[in-house]
Structures are given as C-alpha cells and as structure tokens.
Amino acid sequence: AELLYRRALEGYEEQLGVSHPDTLISVNNLAMLLKTQGKLDEAEPLYRRALAGREEQLGASHTDTLNSVNSLAILLEEQGKLGEA
C-alpha cells in the first residue's frame, strides 16, 4: 500500500502542485499509513507538511486544518513528545 500512496502523492504534486488541498490530503494519507506501520519518525514531517499547507491554503480554523492539528498531536503523544503535543 505504501508504494501506491507514494505514487498517488507524486502524481498530485506533479499535476496540482505541492500546496493544493488535494495534494495535502494525499500527504496526510501517507502520514497515516506510515503511523499505522509504526514509522512514526517518517510520518511526523508529513503530518507537519500537511498542517502547514492546510493552514496556508485553508486557514487555521478550517476543519481539515484542525484534523491535521489533531493527527499531529496524537503522533507526538505516541512518540512521547508531550511538550510539543
């Protein structure tokens, strides 16, 4: 599944650009998969990228942005980075 998620992300980046909301959904999806696989250190920068992009494109109060905030907080908690969560 990871290869397919990465393929989809590359396609979105090429066709829509790195900051497009649909690309950011793909970034977030890959981050979720990596988290599920236990690859927390690989998932973190993707969650941060999705959050930063959504804040910029959609605004801080948009529900997709808030979902990214929540996802990153959960990941940081699982990593034991409670001060950042």
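Keep in mind that what you see is a predicted model, and the values were worked out from it rather than measured.

(A) Up close: the environment of Y5. Assignment of secondary structure puts Y5 in helix α1 (residues 2-16). When its relative accessible area of 31% is taken as the criterion, Y5 is described as partly exposed. On a C-alpha basis, the gap between Y5 and V27 in space is 8.6 Å, while along the polypeptide they are 22 residues apart. Here Y5 is in contact with S26, N29, L30 and L33, once residues within four sequence places are set aside.

(B) Local environment of the packing of α1 against helix α2 (residues 21-36). Interaxial distance between α1 and α2 falls to 9 Å at its minimum, and their mutual angle equals 160°. One way to sum up the angle between α1 and α2 is to call them roughly antiparallel. Every pair of crossing elements has a handedness; the one defined by α1 and α2 is left-handed. Here E2, Y5, R6, A8, L9, Y12, E13 and L16 of α1 come into contact with α2, specifically with D22, T23, S26, V27, N29, L30, L33 and L34. Within the contact of α1 with α2, the residues separate by chemical class into nine nonpolar, three polar and four charged.

(C) Structural context of α1. Look at α1: 21 Å from first C-alpha to last across 15 residues, which is about the 21 Å you get at 1.5 Å a residue. The positive-phi residue at the C-terminal boundary of α1 is G17, with phi of around 100°.

(D) Quick look at the environment of T36. Here T36 is to be found in helix α2. Along the backbone, T36 and V69 are 33 residues apart, and their C-alpha atoms lie at a distance of 18 Å.

(E) The arrangement of the nonpolar core in detail. Residues L46, Y47, L72 and L75 are the most contacted members of the largest nonpolar core, which totals 14 residues. In terms of residue count, helix α3 (residues 40-58) provides more of this core than any other element does, six residues in total. When near neighbours in sequence (up to four residues on either side) are disregarded, Y47 contacts N28, A31, M32, K35, S71, L72 and L75.

Analysis parameters
Residues numbered from 1 in each chain as written. Predicted model: local features only at pLDDT ≥ 70, side-chain atom pairs only at ≥ 80, totals over all residues. Heavy atoms only, no water. Helix = DSSP H or I, 4+ residues; strand = E, 2+ residues; numbered from the N terminus. Buried < 20%, exposed > 50% of the residue type's maximum accessible area, 1.4 Å probe, protein only. Contact = heavy atoms within 4.5 Å. Axes fitted to C-alpha atoms, helices over the stretch in contact; angles between N-to-C directions. Parallel < 35°, antiparallel > 145°, perpendicular 65-115°, else oblique. Left-handed = near helix turned anticlockwise from the far one by under 90°. Nonpolar A, V, L, I, M, F, W, Y, C, P; charged D, E, K, R; others polar. Expected span 1.5 Å × (residues − 1). Core = buried A, V, L, I, M, F, W, Y, C linked by side-chain atoms within 4.5 Å.

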